[in-house]
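# Chain and residue survey
Letter by letter, the chains look like this.
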Amino acid sequence: MDQNVFDDPRITAVGLLVEAHAGLSARFAAQFEEHGLSPVEFEVLTRLARSPGNQLRMTDLAAQTSLSTSGVTRVVDRMERDGLLARRACPSDRRSSFAVVTASGLQRLDETLPGHLRIIEQWFTGQLDPEALDALLDGLRRVRDAVHPGATAGSTGPAADCDGTVPPS
């Protein structure tokens with residue numbers, strides 16, 4: 001095998017991305033644990049808090065987190081039991097429901113975010129000048145949209161109805 005194949009910048013790019021993700025994830029996990037959250041619970045709270053009405057259909061939450069529908073159900077069950085989330089039934093479609101952040105969930109996020117932002121600044125965004133950060137964000141969005149097109153399902157615009165449509169105003 002030709003040894004030069006391992007010098008391919010595509011391999012280097014993916015390797016650096018994986019290494020950076022692993023390093024940041026370890027720092028984030030320790031900080032989340034201080035606040036009684038797992039990384040997936042923090043992600044769920046953040047995605048809901050950033051969505052219209054602080055809520056998402058369970059199917060959209062599954063699409064955004066790349067969890068299976070049963071995986072989202074288990075996480076939401078646990079977080080509902082802990083008072084961080086509530087389920088809201090869809091009045092027009094009994095098969096559909098929303099996950100909604102509770103006041104307690106928003107408070108936990110408020111307590112967690114300052115330390116999270118410090119870690120992001122110290123170990124990620126603070127390592128880049130503004131132009132490099134803009135270029136990285138642009139590139140990451142393009143890659144994300146290509147490999148995970150459901151990553152923003154239900155999170156843009158006004159709150160969606162049970163079937164994912166926006167009701168008329």
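Residues numbered from 1 in each chain as written. Predicted model: local features only at pLDDT ≥ 70, side-chain atom pairs only at ≥ 80, totals over all residues. Heavy atoms only, no water.

Moving on: the overall build of the chain. Looking only at helices and strands, the chain features 6 helices and 3 strands. From first element to last, N terminus to C terminus, the chain shows the α and β order α-α-β-α-α-β-β-α-α. Among the 169 residues that make up the chain, the fraction classed as buried is 30%. Pairs at least 24 residues apart make up 59% of the contacts formed inside the chain by residues separated by at least 6 positions. Surface accessibility of the chain: about 10700 Å² in total, with carbon and sulfur atoms responsible for 57%. (Helix = DSSP H or I, 4+ residues; strand = E, 2+ residues; numbered from the N terminus. Buried < 20%, exposed > 50% of the residue type's maximum accessible area, 1.4 Å probe, protein only. Contact = heavy atoms within 4.5 Å. Areas by Shrake-Rupley, 256 points an atom, 1.4 Å probe, with all protein chains shown as cover.)

At a closest axis distance of 11 Å, the pairing of helix α2 (residues 39–49) and helix α4 (residues 69–81) adopts a crossing angle of 85°. On the basis of their axis angle, the class for α2 and α4 is roughly perpendicular. Contacts between α2 and α4 involve V40, E41, V44 and L45 from the first element and V75, R78 and M79 from the second. Its residues assigned to classes, the contact of α2 with α4 comprises 5 nonpolar, no polar and 2 charged. (Axes fitted to C-alpha atoms, helices over the stretch in contact; angles between N-to-C directions. Parallel < 35°, antiparallel > 145°, perpendicular 65-115°, else oblique. Nonpolar A, V, L, I, M, F, W, Y, C, P; charged D, E, K, R; others polar.)

Attention now moves to the nonpolar core. One finds V44, L45, L48, L61, V76, M79 and L85 to be the most contacted residues of the largest nonpolar core, which totals 22 residues. Those elements that provide at least two residues to this core are α1 (9–34), α2, α3 (58–65), α4, β3 (97–101) and α5 (103–123). (Core = buried A, V, L, I, M, F, W, Y, C linked by side-chain atoms within 4.5 Å.)

Among the surface-exposed residues, V5, F6 and I11 lie close enough to one another that they form a single nonpolar patch of about 260 Å² accessible area. Positionally, F6 belongs in the segment before α1. (Patch = residues over 30% accessible without salt bridge, like charges linked within 9 Å, V, L, I, M, F, W, Y side chains within 5 Å. Salt bridge = Lys/Arg side-chain N within 4 Å of Asp/Glu carboxyl O.)

Even without a glycine there, the phi angle at N54 is positive, about 55°. Tracing the backbone through its elements, the reader meets N54 in the loop between α2 and β1 (55–57). Residue class for N54 comes out partly exposed when judged on its relative accessible area of 24%.

Before going further, it helps to examine α4. End to end, α4 covers 18 Å across 13 residues, agreeing with the expected 18 Å (1.5 Å per residue, within 8%). Along α4, the positions that sit buried rather than exposed are G71, V72, V75, V76 and M79. Along the long axis of α4, the arc covered by the buried residues comes to 125°, so they all point the same way. Seen from the open side of α4, the exposed residues pointing more than 90 degrees away from its buried face are T69, R74 and R81. (Expected span 1.5 Å × (residues − 1). Arc of directions from axis to C-beta.)

A few words on the sheet that holds β3. Read from one edge of the open sheet, 3 strands run β1-β3-β2, paired in antiparallel fashion. Here the strands that pair on one side only, and so sit at the sheet edges, are β1 and β2 (85–89). On average, each strand axis in the sheet is inclined to that of its neighbour by 25°, with strand direction left out of account. Bridge analysis of β2 against β3 gives 5 bridges, and the strand direction is antiparallel. Paired with R87 across the bridge in β3 is A99. Strands β1, β2 and β3 of the sheet are contacted by α3, whose axis makes an angle of about 95° with β1. The sheet strands contacting α4 are β2 and β3, and the helix crosses β2 at an angle near 115°. (Pairing = 2+ DSSP bridges.)

Next up on the list: α3. Taking burial as the measure, the 8 residues of α3 include 6 buried ones, the bulk of the element. Of all the positions in α3, only M58, D60, L61, A62, Q64 and T65 are classed as buried.

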